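Observations on chain architecture
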Amino acid sequence: MQGMPPLVAGNVALLAQGIAAVERIGPARYADATGGSSIGSHVRHILDHYRCFLDGLASGRIDYDARARDPRLEVEPDPAVTAIQRTMEEVAALGDPSLDRPLAVDANGDRGAASTVRRELGFLLSHTVHHYAVIALMAKSSGVTLDPDFGVAPSTLAYRQRTEACAR
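Structural notes, computed from the coordinates.

Digging into the overall build of the protein chain
In terms of regular secondary structure, the protein chain is built from seven helices and three strands. Secondary structure of the protein chain in N-to-C order comes out as α-α-α-β-α-α-β-β-α-α. The C-alpha radius of gyration computed for the protein chain amounts to 16 Å, which stays within 12% of the reference 15 Å derived for 168 residues, consistent with globular compactness. A principal-axis box enclosing the C-alpha atoms of the protein chain has dimensions of 50 × 45 × 25 Å.

Have a look at this one:
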């Protein structure tokens, strides 16, 4: 991920964590909605937001309310992994000059909020970490152990590294 802007690299790394988690969780637990929602529904929700972002870049308008909500991504891990891989490739292709490009954002009924590609990448990173934290709890409660860094914000990981280095 060398040479990528930090927010681009952060999003790509986070998406890669998602692939590892989905593969570790397995199909039965991925689709289990016993508690009201499934791990798959969180993965689908994350992917919907990235898809809205990526689809809106060409026009300069992102509509997070117009999510596809593909039910297959909620119950079938393989298509979800394929979608995550495609999303990673598209996000990785974003370069520094495009990050400050202005965007209009529609979300939660609010229309045309001013934003930038950089700001939306920050939102997507935070949004994904939030849902990953929920996924990590759901996985743990069903007996699946994920990477200890899964669902932890990059800034928290960096803080931990700094404080561990200082303690040595």
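Considering the packing of helix α3 (residues 39-56) against helix α6 (residues 117-141)
Helix-helix packing: each pair is described by the crossing angle between the helix axes and the interaxial distance. Where α3 contacts α6, the axes come no closer than 9 Å and their chain directions differ by 175 degrees. Between α3 and α6, the interaxial angle falls into the category roughly antiparallel. Residue composition of the contact of α3 with α6, grouped by class: 15 nonpolar, six polar and one charged.

Quick notes on the sheet that holds strand β2 (residues 102-107)
Across the sheet, three strands lie side by side as β1-β2-β3; this open sheet has mixed pairing. The two strands at the open ends of the sheet, each matched to only one other strand, are β1 (61-63) and β3 (110-116). For this sheet the average axis-to-axis angle between neighbouring strands, irrespective of direction, equals 25 degrees. By the bridge criterion, five bridges tie β2 to β3 in an arrangement that is antiparallel. Its bridge partner being in β3, alanine 107 is matched across the sheet by aspartate 110. The sheet strands contacting α6 are β1, β2 and β3, and the helix crosses β3 at an angle near 105 degrees.

Parameters and conventions
- Residues numbered from 1 in each chain as written.
- Predicted model: local features only at pLDDT ≥ 70, side-chain atom pairs only at ≥ 80, totals over all residues.
- Heavy atoms only, no water.
- Helix = DSSP H or I, 4+ residues; strand = E, 2+ residues; numbered from the N terminus.
- Rg over C-alpha atoms; globule rule 2.2 N^0.38 Å.
- Axes fitted to C-alpha atoms, helices over the stretch in contact; angles between N-to-C directions.
- Parallel < 35°, antiparallel > 145°, perpendicular 65-115°, else oblique.
- Nonpolar A, V, L, I, M, F, W, Y, C, P; charged D, E, K, R; others polar.
- Pairing = 2+ DSSP bridges.
- Contact = heavy atoms within 4.5 Å.

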